[in-house]
Amino acid sequence: MSSLLVDDIGELVTNDLGGEDGPLGIRRDVALLVEDGRVAWIGPSRDAPAADRRLDARGAAVLPGFVDSHAHLVFAGDRAAEFAARMAGQPYTGGGIRTTVGATRAAGDDELRATVRRLRGEALRQGTTTMEIKSGYGLTVADEARSLRIAAEVSEETTFLGAHVVPAEYADRPDDYVGLVCGPMLAAAAPHARWIDVFCERGAFDVDHARAILACGQAVGLGLRVHANQLGPGPGVQLGVELGAASVDHCTHLTDADVDALASTRVDGGHTTVATLLPGAEFSTRSPYPDARRLLDAGVTVALATDCNPGSSYTSSMPFCVALAVREMRMTPAEAVWAATAGGARALRRDDIGRLGVGARADLMILDAPSHLHLAYRPGVPLIRQVLRNGVLQ
Ligand SMILES: [Zn+2]
């Protein structure tokens, strides 16, 4: 049994209820003992048990690692020119996804693998210790299966998104494509996936198709996630709530009934459907941000994630999303940090990550700052000094 004492922590964000200072459960001037990849003890340094090794936090803030519950990393090519055109005034429609599909199908496994590993490494250096990864740029049986195989090499949180968009060759017969997704594509993808997701939006999949696809996934044991209400109002959020999805993602255009439906999942005491907000997408498409304040005030559980993808949000940075959420979405710094850690864990229905209590996984980051406040207060600054994953310094 190997042990590591993280000592001289100025501010420890535990996300454990019952701590001081609201939802973050902050403790001050403590040490944290890691044994076999788990948090084994937290308390004043003078009371710390003996440990094999010691890591000095030098009075800095220590937080749970970020849980990025929404990312699309398996793709080839980039769409920088599309971004430039958008910034020059062209609207975002989601149609560019097909550009990436073409490039991804043409790429070799090693090229896709190199991109996934590069982006995963980039995120890790910015504090992300858990990252969900979706397929969705293959859209053939073989290409979706290989996307998930490659994703599963670096993450246990993999999501089958064959229903990202109807590929060009099925443009005139979307029913046939839904049949493919629910049949051979799901069969090939499911062994490598924990979740199934669908882009329920005008121009992608309508509510009947989305319902059919999610039901097929659920029938083979996959958990449910939905891309919903990003580009306009629609039925996606309420469909996700109705089917017991772990998360509905984007939530940019919500009616009062959508907000009530999300809030009711919290009240029911069963599994909560989390509203995962992806402000990088609004930033990169120059669109109005979702109203986080309205969701929080209604009692909805909110998560923050990057939506890292080459079209609408090519950032792997959770600190950037925290800063956006505070500045543009009226979240407090504490709410944003909670949403990017514990919120992400809820969105993945995990209770071993996103918090730093005894028994939790020792996934944490040491900041080059005395407080979690600095993540939003000092935007764009590389504040992540060290990252531990499973108790191992990365
Ligand atoms: Zn997405």
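Being a predicted model, the structure only gives us computed values, none of them experimental.

Definitions and limits used
Residues numbered from 1 in each chain as written. Predicted model: local features only at pLDDT ≥ 70, side-chain atom pairs only at ≥ 80, totals over all residues. Heavy atoms only, no water. Phe/Tyr/Trp six-rings, centres within 6.5 Å; stacked < 30°, edge-to-face > 60°. Helix = DSSP H or I, 4+ residues; strand = E, 2+ residues; numbered from the N terminus. Buried < 20%, exposed > 50% of the residue type's maximum accessible area, 1.4 Å probe, protein only. Lys NZ or Arg CZ within 6 Å of the ring centre and 35° of its normal. Pairing = 2+ DSSP bridges. Lys, Arg positive; Asp, Glu negative; His and termini not counted. Salt bridge = Lys/Arg side-chain N within 4 Å of Asp/Glu carboxyl O. Polar contact = N/O pair within 3.5 Å; in protein donor to acceptor, adjacent residues only side chain to side chain. Contact = heavy atoms within 4.5 Å.

**A closer look at the packing of aromatic side chains**
- Following the criterion strictly, the structure yields 5 aromatic pairs and no others.
- With a centroid separation of 5.8 Å and 75° between ring planes, the pair formed by Phe-75 and Tyr-314 is classed as edge-to-face. Here Phe-75, found in the loop between β6 (66-68) and α1 (80-87), pairs with Tyr-314, found in the loop between β14 (302-304) and α11 (318-328); they are 239 residues apart in sequence, far enough to count as distant.
- We classify Phe-75 as buried; its relative accessible area is 1%.
- Over the ring of Trp-195 we find Arg-225; its NZ or CZ atom is 4.5 Å from the centre of that ring.

**Concerning the sheet that holds strand β12 (residues 247-250)**
- What the 7 strands build is an open sheet, ordered β8-β9-β10-β11-β12-β13-β14; its pairing is parallel. Each of the sheet's edge strands pairs with one partner strand only, and the pair in question is β8 (133-134) and β14.
- Where strand β11 (residues 223-228) meets β12, 4 bridges bridge the pair, whose relative direction is parallel. Residue pairing across strands places Val-226 opposite Val-248, the latter belonging to β12.

**Examining the side chain of Asp-68**
- Along the chain, Asp-68 falls in strand β6.
- With no salt bridge to any partner, buried Asp-68 finds its closest opposite charge in Arg-120, at an N-O distance of 7.7 Å.
- A polar side-chain atom of Asp-68 sits 2.6 Å from a polar atom in the side chain of Thr-306.
- Once residues within four sequence positions are removed from consideration, Asp-68 is found in contact with Thr-128, Thr-130, Met-131, Glu-132, Ala-305, Thr-306 and Met-318.

**As for the pattern of salt bridges**
- On inspection of all chains with the given rule, the structure shows 29 salt bridges.
- The shortest N-O distance in the salt bridge between Arg-54 and Asp-56 comes to 4.0 Å.
- A relative accessible area of 53% places Arg-54 in the exposed class.
- A residue is classified by how much of its surface remains accessible, and Asp-56, at 29% relative accessible area, is partly exposed.
- We note a salt bridge from Glu-157 to Arg-350, for which the minimum N-O separation is 2.6 Å. In this pair, Glu-157 sits in the loop between α4 (141-152) and β9 (158-163) while Arg-350 sits in the loop between α12 (333-347) and β15 (364-367), placing the two residues 193 residues apart along the sequence.
- Glu-157 gets classed as buried once you look at its relative accessible area, which sits at 1%.

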